[in-house]
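# Remarks on the overall topology
Single-letter residue listing:
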Amino acid sequence: MIINPAWEGTVQFYELVFGTWLAYIFLVLFWEKALRQPLEEWRYVLANFIGAGAFWVNHYFQQAEFWSPLLRIYTLYFLLVWYALCVRGHGRSVGWQIGAMVGAIVYTVTFISFENIARYGVDTLGYSEFWFMLVSYMGFIAIIFWRGKRAAG
């Protein structure tokens, strides 16, 4: 089955890549500084990967007639994974759990904002997407060293 090219949205890969590494930093700082509940590194990676997965819906299906229900289904999937992966099992209060779930919305808005910085840079300021990919590449390397030091120490 070939995906209909007419379904494609405006979200581009360089936006996803630029948003992903910045959203990862936000995710870690949110859990470790704001919620004071450090997670295992694989949980951050998986939560960020699932968050980035909305790209599939918005890039390949944004103009499809079934985009809205598909996005709602993916949102529900994301929230369930966020709860199971990050919130459940810490023995924290109901208020903390609600705050942690609201964090999923804050994370999503932040991720989209980072993506839109790249879009603005390319569409409005006229920068090449190459520069956003280059910065992202260096950003991912910096994260690996930053988080690698935590794992080693």
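Report follows, based on the coordinates. Here the structure is a predicted model, which means the values were calculated and not measured.

### Quick look at the overall build of the protein chain
Within the protein chain one finds six helices and zero strands. For the protein chain, the succession of helices and strands along the chain, N to C, is α-α-α-α-α-α. A compact globule built from 153 residues should have a C-alpha radius of gyration of about 15 Å, and the protein chain, at 17 Å, falls within 12% of that. Overall, the protein chain is about 45 × 35 × 30 Å in size when its C-alpha atoms are taken along their principal axes. A total of 153 residues make up the protein chain; the buried ones form 39% of that total. Here the analysis covers contacts within the protein chain between residues at least 6 apart in sequence; of these, 74% occur between residues at least 24 apart.

### Some points on the side chain of Arg147
If you trace the backbone, Arg147 turns up in helix α6 (residues 129-152). With relative accessibility at 7%, the residue Arg147 sits in the buried group. If sequence neighbours within four positions are ignored, Arg147 has contacts with Tyr24, Val28, Glu32, Glu41 and Tyr44.

### Structural notes on the packing of aromatic side chains
In this structure the tally under the stated criterion is 20 aromatic pairs. An angle of 90° between the planes, with centres 5.9 Å apart, marks the rings of Phe30 and Trp31 as edge-to-face. Residue Phe30 shares its accessibility class with Trp31, and that shared class is buried. Members of the aromatic cluster, joined through ring pairs, are Phe26, Phe30, Trp31, Phe78, Trp82, Trp96, Tyr107 and Phe111. Stacked on the ring of Trp146, the Lys or Arg Arg147 has its end atom at 4.7 Å from the ring centre.

### Looking at the nonpolar core
With 38 residues, the main nonpolar core has Leu27, Trp31, Tyr44, Trp82, Cys86, Val87 and Tyr107 as its most contacted residues. No other element matches the eleven residues that helix α1 (residues 13-34) contributes to this core. Setting aside chain neighbours within four positions, we find Cys86 in contact with Trp31, Leu39, Ala47 and Val81.

### A short note on the pattern of salt bridges
According to the stated counting rule, one finds four salt bridges in the structure shown. Two residues, Arg119 and Glu15, come together in a salt bridge whose shortest N-O distance is 3.0 Å. Here the residue Arg119 occupies a position in helix α5 (residues 94-123), and Glu15 occupies one in helix α1, the gap between them amounting to 104 residues. Classification of Arg119 as partly exposed rests on a relative accessible area of 22%. Measuring nitrogen to oxygen at the nearest pair gives 2.9 Å for the salt bridge that ties Arg147 to Glu41.

### Examining the side chain of Gln37
Examined against the element boundaries, Gln37 turns out to sit in the loop between α1 and α2 (41-52). Separated by 2.8 Å, the side chains of Gln37 and Arg92 make a polar contact. Apart from the residues lying within four places of it in its own chain, the contact partners of Gln37 are Trp31, Glu32, Tyr44, His90, Arg92 and Trp96.

### Description of α6
Helix length check: α6, at 24 residues, gives a terminal C-alpha distance of 34 Å against a target of 34 Å (1.5 Å per residue), a fit within 8%. Those residues of α6 that fall on the buried side of the exposure criterion are Phe132, Ser136, Gly139, Ile143 and Arg147. Structurally, α6 contributes buried residues whose contacts are with α1, α2 and α5.

### Description of the packing of α1 against α6
Closest axis-to-axis distance for the α1/α6 pair is 8 Å, and the angle between their directions is 30°. When the axis of α1 is compared with that of α6, the two are roughly parallel. The way α1 lies across α6 gives a crossing that is left-handed. Of α6, the residues touching α1 (which contributes Phe13, Tyr14, Val17, Phe18, Thr20, Trp21, Tyr24, Ile25, Val28, Leu29 and Glu32) are Glu129, Phe132, Met133, Val135, Ser136, Gly139, Phe140, Ile143, Trp146, Arg147 and Arg150. The residue makeup of the contact of α1 with α6, split by class, is 15 nonpolar, three polar and four charged.

Each value, and the rule that gives it
- Residues numbered from 1 in each chain as written.
- Predicted model: local features only at pLDDT ≥ 70, side-chain atom pairs only at ≥ 80, totals over all residues.
- Heavy atoms only, no water.
- Helix = DSSP H or I, 4+ residues; strand = E, 2+ residues; numbered from the N terminus.
- Rg over C-alpha atoms; globule rule 2.2 N^0.38 Å.
- Buried < 20%, exposed > 50% of the residue type's maximum accessible area, 1.4 Å probe, protein only.
- Contact = heavy atoms within 4.5 Å.
- Phe/Tyr/Trp six-rings, centres within 6.5 Å; stacked < 30°, edge-to-face > 60°.
- Lys NZ or Arg CZ within 6 Å of the ring centre and 35° of its normal.
- Core = buried A, V, L, I, M, F, W, Y, C linked by side-chain atoms within 4.5 Å.
- Salt bridge = Lys/Arg side-chain N within 4 Å of Asp/Glu carboxyl O.
- Polar contact = N/O pair within 3.5 Å; in protein donor to acceptor, adjacent residues only side chain to side chain.
- Expected span 1.5 Å × (residues − 1).
- Axes fitted to C-alpha atoms, helices over the stretch in contact; angles between N-to-C directions.
- Parallel < 35°, antiparallel > 145°, perpendicular 65-115°, else oblique.
- Left-handed = near helix turned anticlockwise from the far one by under 90°.
- Nonpolar A, V, L, I, M, F, W, Y, C, P; charged D, E, K, R; others polar.

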